[in-house]
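Summary of the model geometry
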Amino acid sequence: MSSEPRERMIEALCAPDLAPIVDLVVWVDDGTPYAANHVGRVRLHDDGPAEVLAGASPLGSEDPMAFLPYERELADPSPRVSTDNAYPLAAPRLRSFFADPDRSPDLAVVHTPRHFFPEQGGHVGEHGSLDVIQSRAPLVLSGAGVPRSGCVDSYARLVDVGPTLAHLAGVPDDDLVDADGRALDGRVLTEHLDAGGTRTHVIGILWDGAHCGDLLHLAEAGELPGVARLVEHGLALRGGVVAEFPSITLTNHTAILTGVGPGRHGVMGNVYYDRATGERVVPNNQATWHRSADWLRPGARTVFEMVAAHVRADGLRTACVDEAIDRGADYATMALIRDSGESGTDALDDALPDPTTSPYLCNPAFLDDSYFRWGVRVDDLGLTQMLDLYADPAAAPLLTWWANVVTDCGHHGGGPRSEMARDALRQSDARLVTFLDHLDSLGITDDVTFLLTADHGFEGSHPDVTGSWTAALDAVGVPYRDEGPGLVYLL
Ligand SMILES: [Zn+2]
């Protein structure tokens, strides 16, 4: 047995008795990514299958199109063992996650989809895994300059969303670079756009945690008429867009809006440790949301900054509604909070409407869940901002980013396909329909290009699959921090 501390921790985490909660242990050594669990250990490659180093491969597959069509996911939701699961683009995603010298952990523990850990912040529905369903966000492109292809059997990456939005807003492809002039990790999805298509406005819409398979299923069943309308006037990718690892909110909002992975933008999760400052960073929180630009690495550049460098306009070039990653936007909700002089939580709370009178809420019983209640309020305020921004189309921003949160609340609270998750999808769709009707009344809908996505997917935990790996790590006798939990830093 190796005496190297990390190796001893890996071996402790790969103990068979932890198999119900430890899906994978992952790490990078000299730029090479590895994965292990009780089944065996592999070295990962960008092209070609993982190379078995011991035992058998713990990875069922690396297919980004796994569990499609949706019936296959329904037949085996939240796979019990990793050999029945899929881990798309594992090598490049892990290489990025472990590339930050101060903020990347020494290893990461991936929870099994069924792991239920409420005592450490876990929910009925969860995300964060390397696996395909928690990493699969929807992608719908629609409107001006988008071919009417309908549902397409393909996939892309979440880091492609930012470059595609910037391209649609007129940034030349040569200038889709970071602050250091380096090419982005993502690329423009030109294969899903008409060559030479034109538009007056671009609107990117994020439904946080909106489950790709269920979103398309409900749209096809007639239950999400707004999404269905966007797909009818464009296309949706069946395989969605693959999130960066971990499939956590702020890591992926940042990846979307900078076009680079966490190893370059620096936001390793909703909570992580920074060795350089000795600080535990919690960027995804009502009190700190408006400060998240403080944590971006200097090389990161937002799509709002890319557009601002190229577009000359008297009025608003870009707007960023209810989104933490807003640096460089001409209009930003979080800027109103930064400028208010109040704490982030207080300033946001003062601005939010009464959820009990929301015309978009379907079942008032869900307001008993405090996160869901907050999400209804945030999203009602978001729609108000969108209608205000588009009160006069001549003054509307060229590029608008519109983040919605209640879909995350509903999926955390009830798990995918629950009534709470579907209530959240239906009310988000109803807000979208209100906004599309407003554009119709102005006669400009056909001049707009829309992109609808999310930051991650969701799987349902199982109430009987509980426990923690803390005792196993403690027994190794090496000082460490475990943030998340799952991001393990040796001290
Ligand atoms: Zn999220």
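Look up a bit, the structure's there.
Residues numbered from 1 in each chain as written. Predicted model: local features only at pLDDT ≥ 70, side-chain atom pairs only at ≥ 80, totals over all residues. Heavy atoms only, no water.

1. Looking at the sheet that holds strand 19 (residues 448-453)
What counts here: Each pair of strands is called paired provided DSSP finds at least two bridges between the two strands. Strands are runs of DSSP state E lasting at least two residues, helices are runs of H or I lasting at least four, and both sets are numbered from the N terminus onward. A contact between two residues is defined here by any heavy atoms of the two lying within 4.5 Å. Here the axes come from fitting lines to C-alpha atoms, over the contacting stretch only for helices, and the angles between their N-to-C directions go from 0 to 180 degrees.
Taken together, eight strands build an open sheet; the order of strands is 9-12-8-19-11-18-16-17 and the sheet is mixed. Strands with a single pairing partner mark the edges of an open sheet, and in this sheet they are strand 9 (150-152) and strand 17 (331-332). Where strand 8 (residues 139-143) and strand 19 come together, five bridges link them in antiparallel fashion. Bridged to L141 within strand 19 is L451. Packing of helix 5 (residues 161-168) onto the sheet brings it into contact with strand 8, strand 11 (201-207), strand 18 (399-404) and strand 19, and relative to strand 19 it is tilted by some 170°.

2. Comments concerning the coordination of the zinc ion
Octahedral six-donor coordination of a metal ideally yields angles of 90 or 180 degrees, compared with 109.5 degrees for tetrahedral four-donor coordination. Just so we agree on the cut-off: Coordination here is defined by N, O and S atoms within 2.8 Å of the metal (3.2 Å for Na, K and Ca), and since water is not considered, a site can look incomplete. When four donors show all angles between 85 and 135 degrees the site is tetrahedral, when four or six donors have opposite pairs over 155 degrees and all other angles between 65 and 115 it is square planar or octahedral respectively, and in every other case it is irregular. A 1.4 Å probe rolled over the protein chains alone gives each residue an accessible area, and that area as a share of the maximum for its type sets the label: buried under 20%, exposed over 50%, partly exposed in between.
The protein atoms that coordinate the zinc ion are D208 (OD), T249 (OG1), D455 (OD) and H456 (NE2), at distances spanning 1.9 to 2.2 Å. Taken together, the four donor atoms coordinating the zinc ion and their angles of 96 to 135° define a geometry best described as irregular. Binding-site remark: the zinc ion is held by donors from one chain whose sequence spacing is D-x40-T-x205-D-H. Separated by 207 residues along the polypeptide, T249 in helix 8 (residues 249-258) and H456 in the loop between strand 19 and strand 20 (459-460) bring together distant segments of the chain. Here T249 and H456 have matching classes, each one buried.

3. Some points on the sheet that holds strand 4 (residues 51-55)
In space, the seven strands of this open sheet follow the order 4-3-2-1-5-22-21, with antiparallel pairing throughout. Of all the strands in the sheet, just strand 4 and strand 21 (480-483) have a single pairing partner and so form its edges. Shown here is a sheet whose adjacent strand axes are inclined to one another by a mean of 20°, direction ignored. As paired strands, strand 2 (residues 32-37) and strand 3 (residues 40-43) are joined by four bridges and run antiparallel to one another. Residue pairing in the sheet places A35 in a bridge with V42 of strand 3.

4. Thoughts on the pairing of strand 8
A large share of strand 8 lies buried, amounting to four of its five residues. Of the strand pairs in this sheet, strand 8 and strand 12 (residues 234-237) are connected by three bridges, and their pairing is antiparallel. Of the residues in strand 12, the one forming a bridge with S142 is G234.

5. A word on the packing of helix 14 (residues 406-414) against helix 15 (residues 419-442)
Geometrically, a packed helix pair is captured by the angle between its two axes and the distance between the axes. Using the following cut-off: Roughly parallel covers angles under 35 degrees, roughly antiparallel covers those over 145, roughly perpendicular covers 65 to 115, and oblique covers all other angles. Residues are sorted three ways: Asp, Glu, Lys and Arg are charged, Ala, Val, Leu, Ile, Met, Phe, Trp, Tyr, Cys and Pro are nonpolar, and all the rest, Gly among them, are polar.
As a packed pair, helix 14 and helix 15 sit with axes 7 Å apart at the nearest point and diverge in direction by 170°. Relative to helix 15, the element helix 14 lies roughly antiparallel. Listed contacts from helix 15 to V406, T407, C409, G410, H411, G413 and G414 of helix 14 are M420, A421, A424, L425, Q427, S428 and R431. Partitioning the contact of helix 14 with helix 15 into residue classes produces six nonpolar, seven polar and one charged.

6. Topic: the packing of aromatic side chains
The test is simple: Aromatic rings from Phe, Tyr and Trp, taking only the six-membered ring of Trp, are treated as a pair when their centres fall within 6.5 Å; an angle between ring planes under 30 degrees marks them as stacked, one over 60 as edge-to-face, and anything in between as tilted.
On inspection of all chains with the given rule, the structure shows eight aromatic pairs. Centre to centre, the rings of W27 and Y34 are 5.5 Å apart; their planes meet at 10°, and the pair counts as stacked. The same class applies to W27 and to Y34, which are both buried. Ring geometry for Y390 and F435: centres 5.4 Å apart, planes at 85°, overall edge-to-face. With Y390 in the loop between helix 13 (370-389) and strand 18 and F435 in helix 15, this pair connects stretches of sequence that are 45 residues apart. Grouping aromatic residues by their ring pairs yields a cluster made of F97, F98 and F245.

7. Regarding the nonpolar core
The cut-off we apply is this: Remark: nonpolar core denotes a set of buried residues (Ala, Val, Leu, Ile, Met, Phe, Trp, Tyr, Cys) joined through side-chain atoms within 4.5 Å.
Judged by nonpolar contacts, the single largest core of 123 residues is most densely connected at V26, L44, I203, W207, F372 and W401. Looking at this core, the element that brings in the most residues is helix 13, giving eight residues. Once residues within four sequence positions are removed from consideration, W401 is found in contact with L165, G204, I205, L206, I256, L257, F304, A319, C320, V321, E323 and T453.

8. Describing helix 13
Side chains of residues three or four places apart in an α-helix project in the same direction, reflecting 3.6 residues per turn. Where we set the bar: In a helix, the anticipated span is given by 1.5 Å times the number of residues less one. Distance and chemistry together define a polar contact, namely a pair of N or O atoms within 3.5 Å, with one atom able to donate a hydrogen and the other to accept it when in protein, and with adjacent residues in sequence counting only for side-chain atoms on both sides.
For helix 13, spanning 20 residues, the distance from its first C-alpha to its last is 29 Å, which sits close to the expected 28 Å at 1.5 Å a residue. Burial analysis of helix 13 places 14 of its 20 residues in the buried class, which makes it a mostly covered element. For helix 13, the N-terminal capping position is held by D369, with its side-chain oxygen 3.0 Å away from the main-chain nitrogen of Y371.

9. Looking at the pattern of salt bridges
Our working definition: Any carboxyl oxygen of Asp or Glu within 4 Å of a side-chain nitrogen of Lys or Arg constitutes a salt bridge here.
Applying the stated criterion across every chain yields a total of 25 salt bridges. E191 is paired through a salt bridge with R187; the nearest N and O atoms lie 2.7 Å apart.

10. Considering the side chain of H111
Relative to the helices and strands, H111 is located in strand 5 (residues 107-111). You can call H111 buried: its relative accessible area is 14%. At 2.9 Å, the side chain of H111 and the side chain of H115 are in polar contact. In terms of polar contacts, H111 uses its side chain to reach the backbone carbonyl oxygen of P485, at 2.9 Å. Other than its neighbours up to four places away in sequence, H111 contacts I21, D23, F117, S129, W469 and P485.

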